[in-house]
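Structural features, examined
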Amino acid sequence: DTGVSQNPRHKITKRGQNVTFRCDPISEHNRLYWYRQTLGQGPEFLTYFQNEAQLEKSRLLSDRFSAERPKGSFSTLEIQRTEQGDSAMYLCASSVTGTGSDEQYFGPGTRLTVT
Amino acid sequence: AQTVTQSQPEMSVQEAETVTLSCTYDTSESDYYLFWYKQPPSRQMILVIRQEAYKQQNATENRFSVNFQKAAKSFSLKISDSQLGDAAMYFCAYVVGSQGNLIFGKGTKLSVKP
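The following paragraphs examine the structure supplied in this document. None of the values given here were measured: they were computed from a predicted structure.

**Concerning the overall build of chain B**
- A tally of regular secondary structure across chain B gives zero helices and 12 strands.
- Going from N to C terminus, chain B has its helices and strands arranged as β-β-β-β-β-β-β-β-β-β-β-β.
- Its C-alpha atoms give chain B a radius of gyration of 14 Å, near enough to 13 Å, the size a compact globule of 114 residues would have.
- On the principal axes, the C-alpha backbone points of chain B span a range of 40 × 30 × 20 Å.
- Surface summary for chain B: the accessible area is close to 5700 Å², and the carbon and sulfur share equals 44%.
- Separation of charge centres in chain B, based on 11 positive and 10 negative side chains, amounts to 2 Å.

Shown next, in the form of structure tokens:
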């Protein structure tokens, strides 16, 4: 399968713990996005990378969130000191370039539950 | 604020019939693109259809077509000859120019009755 992959698929953690998610985009896709989706809502943009450069961050991305994309390949999203409000599905997507018409290919998501 | 409104939280259609899902959006930009994404239960989101705002002709992809009314900022999705596999959450979204990040609506849950 050469689609976008995300690991882990599910994560249960206790409040206050740190968690890290990984996203592997489609090979040779330059753009990588992170979105968050809560129950009953559409995905909300968090941040995106053009190759290894993080170009934009949403105000939703508090100081407890950090994302990296070393070498412009896979990306990680870390949440420090998790809170119950962080419980959500975290989606990763990639596209060939960054033009608006580009299709974004989504991964299956990582479902985070903070207890 | 840039927003997308899907006024129908849930819709139902009989197999082989036609259904239209509504979407309105709000942006002051002139260069943008519109999308409908499908999210089946427990499966990843996939693109259904896209529309460039500068094109007047409505996009069509097999059984899926859109009614794009730029002045009204309306972008509805029509599904013809509905199939059981069409059952899913449908999200309307747009992206401005080269920004890249999609702005989504809350979605419409479509059920297809056999």
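**Some words on the overall build of chain A**
- Check the secondary structure of chain A and you find zero helices and 11 strands.
- Moving toward the C terminus, one meets the helices and strands of chain A in the order β-β-β-β-β-β-β-β-β-β-β.
- In terms of principal-axis extent, the alpha carbons of chain A reach across some 35 × 30 × 25 Å.
- In chain A, which comprises 115 residues, the share counted as buried stands at 49%.
- Relative to all contacts within chain A whose residues are 6 or more apart in sequence, the contacts with residues 24 or more apart total 54%.
- A total of about 5800 Å² of accessible surface is found on chain A, and carbon and sulfur atoms cover 44% of it.
- Computing the positive centroid from 14 side-chain charges and the negative centroid from 13, chain A places the two 8 Å apart.

**Looking at the interface of chain B and chain A**
- The interface is formed by 19 residues belonging to chain B together with 23 residues belonging to chain A.
- For the pair chain B and chain A, the summed buried surface comes to about 1600 Å²; carbon and sulfur atoms form 50% of the total.
- Summed over the shared surface of chain B and chain A, the number is one salt bridge.
- Two residues, Arg50 of chain B and Glu103 of chain A, come together in a salt bridge whose shortest N-O distance is 3.9 Å.
- For the pair chain B and chain A, the interface holds four residue pairs in polar contact (both at pLDDT 80 or more).

**Digging into the side chain of Ser58 of chain A**
Residue and element names in this part refer to chain A.
- With respect to the helices and strands, Ser58 occurs in the loop between β6 (53-57) and β7 (65-68).
- A polar contact is formed between the side chain of Ser58 and the backbone oxygen of Phe45, at a distance of 3.4 Å.
- Setting aside its immediate chain neighbours within four residues, Ser58 contacts Phe45 and Leu46.

Calculation rules
Residues numbered from 1 in each chain as written. Chains lettered and ligands numbered in written order. Predicted model: local features only at pLDDT ≥ 70, side-chain atom pairs only at ≥ 80, totals over all residues. Heavy atoms only, no water. Helix = DSSP H or I, 4+ residues; strand = E, 2+ residues; numbered from the N terminus. Rg over C-alpha atoms; globule rule 2.2 N^0.38 Å. Areas by Shrake-Rupley, 256 points an atom, 1.4 Å probe, with all protein chains shown as cover. Lys, Arg positive; Asp, Glu negative; His and termini not counted. Charge placed at Lys NZ, Arg CZ, Asp CG, Glu CD. Buried < 20%, exposed > 50% of the residue type's maximum accessible area, 1.4 Å probe, protein only. Contact = heavy atoms within 4.5 Å. Buried area = accessible area lost by both parts, 1.4 Å probe. Salt bridge = Lys/Arg side-chain N within 4 Å of Asp/Glu carboxyl O. Polar contact = N/O pair within 3.5 Å; in protein donor to acceptor, adjacent residues only side chain to side chain.

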